[in-house]
Amino acid sequence: MSVLKHLYLDDIITSFPELGPTIQDGGYSWIILIGVFLIQMTIPSILSVYGIVLGYLTENKTAEFDLWDQKIILTPMLFIAFWNLADPWSKVIVDLSSVPRIIGLIGIALISIGVLASGYLATGGVGAYLVSLSAGAVMGIGASFVLIQSQECLQKYFRIKLSIALTIRNIAISLGYIIVPSFTHLLLMQVHLKIALLLITIIFIPTILGVALLRQPISPKPSHYNLLLTIEDDSEISTKYLPDVNMGIESTENNNLENSSCNGTEQIEDTNSSFAGNNEIYTYEDSEEDIFVNSIIKSNNKWKNRIRIFLYFRFWIIILTWIGIKSFTLFFWISLPYMFITRISSSHDYVTVSIIAGFGTFLPNSITFLILQAAPQNRRLIFGIACWLGCSILIVLTYTTEYYVFMACALLGGISIGGLSVCQDLTLCDIFGPRFIHKFHKVFSTVVGISLLSLCFVRNTILCFHLVTLSLFLSGCYWIWLPIFNILKQRCIACRKSI
């Protein structure tokens, strides 16, 4: 190329800094972060709301009380199941929409309708059975809309400082676990249960304000290079797969899956960040994946490749792990007040227990930045330890009758939930890579959602706890074994070279 001829890419907004400038992490980006903060402070804490409601019903029982006899328990269970089922489809709708506020407001409307309808479940009103089958499902779909939309906006506005933005977002989740249960208990003490459930929708006012702040980034005029730089899905560098975090990404999906017999021990791990995560200077690093290829898997029979994933051991281990995480989060928040009242005391301290658990989530959420910057094998160790901690907490909560032991378990349970939520998405990406996640996200979310939905038919609290405990224990064994095996393997290779 002549020295007088240059390729100008300065006017192109791209997700890859070596191809052109990215949207700056400043200006309206901080307004977007405030909106996401308000959204995350309310929606994830919905589970703790129903935990307080179930604790209130237990405390005011007039006869022998069984948790599974309460129709309202179906609401949080269907909520978490349909949240997972709706995630991939919500992503499609969000990608097609150019007005984030509309998607967010639709999601808030669905959540509010579900909360209002659940008032009939707690009081045995007319149509309670029909409402029990719809309230949680509607809420789960609405939550998926709002959170997917807020996540998309966050990752479009933040590139270099995305780790900081995610830390602030996770701190908002912890604040929600503290504030929302306290507000719910205050309403229950002041008014009747049904009226309180109607007034709980007040907590979504900050969510509406947060959604009102969302908007798409303003792009420059179209460029001749737009077609060249268009990738199949910008989610490959989404919030789940941070560009400024060390990741171990395998070169191809086929190689990734074929090594399942080794349980991921052949993982290739990068030691340098791809985009100079904490610096303002862009750097370039050769990638093992070509961003211009249409797909890693090229086959005339796409359905054959989609079905093929079910044959791999690693896929089912990941499914087991995510079922354990989601079900542990569900049962921990909704049954913590109930177990405290039935095993420890019938006083209002069940609200204190829930708040203590919320404080427990602060520790891992406040150090999200450090966890995301850790090496992949260190993240897997943290992830596995969090699984084992959650497993131990469920066992102790099932049988303890000591007040301070219960309080300590609530705090440690919050730490476990926070650690799992921080590590889970990046750990999945470390093992399979972003290409795999993009291709099989629908299959993955659907299997997890259906499995969570099946818990509605297990009408025994202790049995549910034992199943969740077993899944967390097996998952912890897998995630802790992977980095240990890699360390031992590297030492063996080093010994052979020295000999």
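Here the structure is shown first, and the text comes after it.
Computed from a predicted structure; not experimentally measured.

Thresholds applied
- Residues numbered from 1 in each chain as written.
- Predicted model: local features only at pLDDT ≥ 70, side-chain atom pairs only at ≥ 80, totals over all residues.
- Heavy atoms only, no water.
- Helix = DSSP H or I, 4+ residues; strand = E, 2+ residues; numbered from the N terminus.
- Buried < 20%, exposed > 50% of the residue type's maximum accessible area, 1.4 Å probe, protein only.
- Contact = heavy atoms within 4.5 Å.
- Areas by Shrake-Rupley, 256 points an atom, 1.4 Å probe, with all protein chains shown as cover.
- Disulfide = S-S within 2.5 Å.
- Axes fitted to C-alpha atoms, helices over the stretch in contact; angles between N-to-C directions.
- Parallel < 35°, antiparallel > 145°, perpendicular 65-115°, else oblique.
- Left-handed = near helix turned anticlockwise from the far one by under 90°.
- Core = buried A, V, L, I, M, F, W, Y, C linked by side-chain atoms within 4.5 Å.
- Polar contact = N/O pair within 3.5 Å; in protein donor to acceptor, adjacent residues only side chain to side chain.
- Patch = residues over 30% accessible without salt bridge, like charges linked within 9 Å, V, L, I, M, F, W, Y side chains within 5 Å.
- Salt bridge = Lys/Arg side-chain N within 4 Å of Asp/Glu carboxyl O.
- Phe/Tyr/Trp six-rings, centres within 6.5 Å; stacked < 30°, edge-to-face > 60°.
- Nonpolar A, V, L, I, M, F, W, Y, C, P; charged D, E, K, R; others polar.
- Expected span 1.5 Å × (residues − 1).

**Student:** Got a minute to help me understand the overall build of the protein chain in this structure?
**Tutor:** Counting secondary structure elements, the protein chain contains 19 helices and 0 strands. Looking at the 499 residues of the protein chain, the share that counts as buried comes to 55%. Relative to all contacts within the protein chain whose residues are 6 or more apart in sequence, the contacts with residues 24 or more apart total 86%. Total accessible area on the protein chain is roughly 21800 Å²; 65% of this is exposed by carbon and sulfur atoms.

**Student:** It is not clear to me how the state of the cysteines should be interpreted in this structure. Could you clarify?
**Tutor:** Where two cysteines share a covalent bond between their sulfur atoms, that bond is called a disulfide. For the structure shown, the criterion picks out 0 disulfides. Between Cys387, a cysteine without a disulfide, and Cys391, which holds the nearest cysteine sulfur, the sulfur-to-sulfur distance is 9.3 Å. Not part of a disulfide, Cys477 finds its nearest cysteine sulfur in Cys391, a span of 8.6 Å.

**Student:** Is there a simple way to think about the packing of helix α2 (residues 46-59) against helix α3 (residues 74-96) in this case?
**Tutor:** Axes are the key here: two packed helices are described by the angle between their axes and the distance separating the axes. The interhelical angle for the contact between α2 and α3, taken along N-to-C directions, is 165°, at an axis separation of 10 Å. Overall, the two elements α2 and α3 adopt an arrangement that is roughly antiparallel. α2 and α3 meet at a crossing whose hand is left-handed. Contact with α2, carried on its side by Ile46, Leu47 and Tyr50, involves Thr75, Pro76, Phe79 and Ile80 of α3 and no other residues of that element.

**Student:** It is not clear to me how the nonpolar core should be interpreted in this structure. Could you clarify?
**Tutor:** As a rule of thumb, nonpolar side chains are buried together in soluble globular proteins. Residues Phe331 and Phe332 are the most contacted members of the largest nonpolar core, which totals 114 residues. Ranked by residue count, the leading element in this core is helix α12 (residues 313-343), at 18 residues. Apart from the residues within four sequence positions on either side, Phe332 is in contact with Ala357, Ile393, Leu397, Cys409, Ala410, Gly413, Gly414 and Ile417.

**Student:** Would you explain the environment of Thr342 in this entry?
**Tutor:** When you line up the elements, Thr342 lands in helix α12. Since its relative accessible area comes to 43%, Thr342 is described here as partly exposed. In this structure, the C-alpha to C-alpha distance between Thr342 and Thr401, residues 59 residues apart in sequence, is 9.4 Å. At a separation of 3.0 Å, a polar atom in the side chain of Thr342 contacts the main-chain carbonyl oxygen of Tyr338. Looking at Thr342, its side chain comes within polar contact range of the main-chain oxygen of Met339, at 3.3 Å.

**Student:** Would you mind showing me how to read a nonpolar patch on the surface here?
**Tutor:** Nonpolar side chains collect at one region of the surface, where Leu116, Ile195, Leu198, Leu199, Ile202, Ile205 and Leu209 lie side by side and expose about 550 Å² of accessible area between them. Elements with a minimum of two residues in the nonpolar patch: α7 (193-199) and α8 (205-212). Within the secondary structure, Leu209 sits in helix α8. We classify Leu209 as exposed; its relative accessible area is 52%.

**Student:** Please clarify how the packing of aromatic side chains should be interpreted in this entry.
**Tutor:** The geometry of an aromatic ring pair is captured by two quantities: the separation of the ring centres and the angle between the planes. This model, assessed by the stated rule, comprises 18 aromatic pairs. Ring geometry for Phe328 against Phe332: centres 5.8 Å apart, planes inclined by 50°, an arrangement best described as tilted. With Phe328 and Phe332 both in helix α12, this residue pair falls 4 residues apart, about one helical turn. Residues Phe328 and Phe332 agree in their burial class; the two are buried.

**Student:** Looking at this model, I keep getting lost on the packing of α2 against α12. Mind explaining?
**Tutor:** At a minimum axis distance of 8 Å, the contact between α2 and α12 shows a crossing angle of 25°. With respect to each other, α2 and α12 are oriented roughly parallel. Between α2 and α12 lies a crossing whose hand is right-handed. Here Leu47, Ser48, Gly51, Ile52, Leu54, Gly55, Thr58 and Glu59 of α2 come into contact with α12, specifically with Thr329, Leu330, Trp333, Ile334, Pro337, Tyr338, Ile341 and Thr342. Residue composition of the contact of α2 with α12, grouped by class: 9 nonpolar, 6 polar and 1 charged.

**Student:** Is there a simple way to think about α2 in this case?
**Tutor:** The first and last C-alpha atoms of α2 sit 20 Å apart over 14 residues, in line with the 20 Å expected at 1.5 Å per residue. In terms of burial, α2 is largely enclosed, as 13 of its 14 residues are buried.

**Student:** Sorry, what's going on with the side chain of Ser90 here?
**Tutor:** Tracing the backbone shows Ser90 in helix α3. Sequence-distant contacts of Ser90, defined by excluding residues within four places in its chain, comprise Ile141, Ser144, Phe145 and Ile148.

**Student:** Help me out: how do you make sense of the environment of Leu320 in this one?
**Tutor:** Within the secondary structure, Leu320 sits in helix α12. For the pair Leu320 and Ser471, spaced 151 residues apart in the sequence, the C-alpha separation amounts to 6.1 Å. Here Leu320 is in contact with Ser471, Leu474 and Ser475, once residues within four sequence places are set aside.

**Student:** Whenever I open this one, the pattern of salt bridges confuses me. Can you help?
**Tutor:** Pairing is possible between side chains of opposite charge, provided their charged atoms come close. Following the criterion strictly, the structure yields 2 salt bridges and no others. Measuring nitrogen to oxygen at the nearest pair gives 2.7 Å for the salt bridge that ties Lys91 to Asp95. Taken together, the residues span about one helical turn, with Lys91 and Asp95 both in helix α3 at a distance of 4 residues. You can call Lys91 buried: its relative accessible area is 12%. Among the ionic pairs, Lys91 bridges to Glu152, the shortest N-O distance being 3.7 Å. Placement of the pair is Lys91 in helix α3 and Glu152 in helix α5 (residues 128-157), with a sequence separation of 61 residues. When salt bridges with common partners are traced through the structure, they connect Lys91, Asp95 and Glu152 into a single cluster.

**Student:** In this structure, what is going on with the environment of Asn170? I would like to understand it.
**Tutor:** Considering the arrangement of structural elements, one finds Asn170 in helix α6 (residues 162-190). A residue is classified by how much of its surface remains accessible, and Asn170, at 5% relative accessible area, is buried. As a C-alpha pair, Asn170 and Asn365 span 195 residues in sequence and 5.2 Å in three-dimensional space. In this structure Asn170 touches Asn365, Thr368 and Val422, once residues within four positions along its chain are discounted.

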